[in-house]
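# Per-entry structural report
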Amino acid sequence: MRILVQKFGGTSVADIDRLNMVREKVTAALDRGYKVVVVLSARAGKTNKLLAQAARWADDPDLAEVDSLLSTGEQASVTLFSMLLKGHGIKARSVLGWQIPITTDNAFGAARIRSIDGDHLRKMLETYDVLVVAGFQGVTEDGRITTLGRGGSDTSAVALAAALGSCECEIYTDVDGVYTTDPNMCSTARKLDRICYDEMLEMASMGAKVLQIRSVEFAKKYNVPVHVRSTFNNN
Ligand code: ADP
Ligand code: ASP
Ligand code: MG
């Protein structure tokens with residue numbers, strides 16, 4: 001079974017037109033003979049809105065409850081996208097962090113992944129061609145929902161690729177690669193054909209949010225090849 005992990009960020013899932021572009025990327029991978037694990041973020045702005053809502057309800061909101069609330073952003077993305085895929089005749093289902101499970105420590109708001117049941121995912125891929133997995137979320141050993149820190153869906157995707165073994169990971173976003181600096185801030189930014197894990201770690205630690213730093217740490221540790229691409233072109 002050849003498996004590809006494709007992650008799509010908040011701007012890529014913002015509305016139904018964009019989700020149809022995501023569907024095209026997934027269909028192209030199916031046509032190339034892959035089973036696909038799609039990892040989705042919440043739609044752009046959703047996580048911030050949920051955080052603001054929590055702040056209105058309590059002066060010092062319980063961190064475990066905040067994580068449970070934040071996880072609903074990704075839950076909405078994966079359930080809607082699974083419906084869209086099924087409506088186009090694709091054998092797909094949504095999967096939440098606790099359903100795999102993706103087990104984390106209990107550092108609510110910035111949890112670290114401890115383990116992922118890759119065998120369970122492979123078993124599900126015998127029945128489904130596409131698993132649409134909620135990014136950014138996990139579950140503690142005693143069953144509480146956690147989130148992985150802002151931008152954490154990148155880490156979900158790379159960690160899933162590592163857990164599935166010899167699996168590549170495509171990160172689809174609103175820029176078509178890693179640049180020497182933020183291309184939205186600096187017109188002379190150049191796109192890099194390749195970048196090694198250590199250099200990418202350095203860029204991420206200096207604020208290049210195109211990849212969450214922990215995703216690069218995972219990629220380095222488990223030797224996962226990561227491709228950064230745009231949802232909106234074929235570069
Ligand atoms: P997503 O919601 O898809 O995860 P992010 O907003 O988290 O997307 O990351 C993509 C953004 O990262 C780009 O829009 C870009 O402005 C920014 N960025 C910062 N540094 C870089 C860089 N060196 N190369 C590419 N993009 C960068
Ligand atoms: N939705 C989360 C965030 O906005 C995770 C992600 O997008 O990667 O940070
Ligand atoms: Mg991001």
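Preceding this section is the structure that the text describes.
Presented here is an overview of the structure given in this document.

The rules behind each value
- Residues numbered from 1 in each chain as written.
- Chains lettered and ligands numbered in written order.
- Predicted model: local features only at pLDDT ≥ 70, side-chain atom pairs only at ≥ 80, totals over all residues.
- Heavy atoms only, no water.
- Buried < 20%, exposed > 50% of the residue type's maximum accessible area, 1.4 Å probe, protein only.
- Helix = DSSP H or I, 4+ residues; strand = E, 2+ residues; numbered from the N terminus.
- Pairing = 2+ DSSP bridges.
- Right-handed = clockwise from strand over helix to strand, strands pointing away.
- Axes fitted to C-alpha atoms, helices over the stretch in contact; angles between N-to-C directions.
- Contact = heavy atoms within 4.5 Å.
- 1 Å grid on protein atoms, 1.4 Å probe; cavity = no way out; pocket = protein on both sides within 12 Å on 5 of 7 lines; lining within 4 Å.
- Points joined across faces, edges and corners; volume = space filled by probe spheres on them.
- Nonpolar A, V, L, I, M, F, W, Y, C, P; charged D, E, K, R; others polar.
- Near = heavy atom within 4 Å.
- Polar contact = N/O pair within 3.5 Å; in protein donor to acceptor, adjacent residues only side chain to side chain.
- Areas by Shrake-Rupley, 256 points an atom, 1.4 Å probe, with all protein chains shown as cover.
- Sits in = over half its atoms within 2 Å of the grid points.
- Expected span 1.5 Å × (residues − 1).

### A few points about the pairing of strand β2 (residues 35-40)
In terms of residue burial, β2 counts as a mostly covered element, since 6 of its 6 residues are buried. Neither face of β2 is exposed, since K35, V37 and V39 on one face and V36, V38 and L40 on the opposite face are all buried. By the bridge criterion, 6 bridges tie strand β1 (residues 3-8) to β2 in an arrangement that is parallel. The partner of V5 across the bridge, within β2, is V37. Note that the unit made of β1, helix α1 (residues 16-31) and β2 has a crossover that is right-handed. Across 5 bridges, the pairing between β2 and strand β6 (residues 130-134) is parallel.

### As for the sheet that holds strand β9 (residues 168-173)
Strand order in this open sheet of 6 strands is β3-β6-β2-β1-β9-β10, and the pairing throughout is parallel. Two strands bound the open sheet, and with one partner strand each, they are β3 (92-95) and β10 (226-230). Direction aside, the axes of adjacent strands within the sheet are offset by 20° on average. Taken together, the 4 bridges between β3 and β6 define a ladder with parallel strand orientation. In the sheet register, A92 faces β6, and the bridge partner there is V130. Here helix α3 (residues 63-87) sits on the sheet in contact with β2, β3 and β6, set at roughly 165° to β6. Where helix α4 (residues 118-127) meets the sheet, its contacts fall on β1, β2, β3 and β6, and the angle it forms with β2 comes to roughly 115°.

### Concerning the layout of surface pockets
The computed volume of the largest pocket comes to approximately 920 Å³. K7, G10, G151, T173 and K209 are the residues nearest the centre of the largest pocket, which is lined by 35 residues in total. Contributing elements (two or more residues each) for the lining of the largest pocket: α2 (46-57) and α5 (153-164). Top contributing element to the lining of the largest pocket by residue count: α2, with 3 residues. Split by residue class, the lining of the largest pocket holds 10 nonpolar, 16 polar and 9 charged. By volume, the second largest pocket amounts to about 590 Å³. Along its surface, the second largest pocket is lined by 22 residues, and D193, R194, I195, V226 and H227 are the ones closest to its centre. Sorting the residues of the lining of the second largest pocket by element identifies α6 (197-205), α7 (213-222) and β10 as the ones contributing at least two each. Of the residues forming the lining of the second largest pocket, the biggest block, 4 residues, is contributed by β10.

### Let's talk about the site of ligand 2
Within the structure, ligand 2 sits among S41, A42, T47, E74, F136, R150, G151, G152 and S153. In the model, a nitrogen atom of ligand 2 is placed 2.8 Å from a nitrogen or oxygen of the T47 side chain. For ligand 2, an oxygen atom lies 2.8 Å from a polar atom in the side chain of R150. Computed on the free molecule, ligand 2 has an accessible area of 260 Å², of which 86% lies beneath the protein chains in the complex. Here ligand 2 is seated within the largest pocket.

### What to know about α1
Over its 16 residues, α1 runs 22 Å from end to end, which matches the ideal 22 Å to within 8%, given 1.5 Å per residue. For α1, the capping residue at the N-terminal end is D15, with a side-chain oxygen 3.2 Å from the backbone nitrogen of D17. Count one or two residues on from α1 and you reach G33, which has phi positive near 95°.

All we've got here are geometric facts, nothing functional implied.
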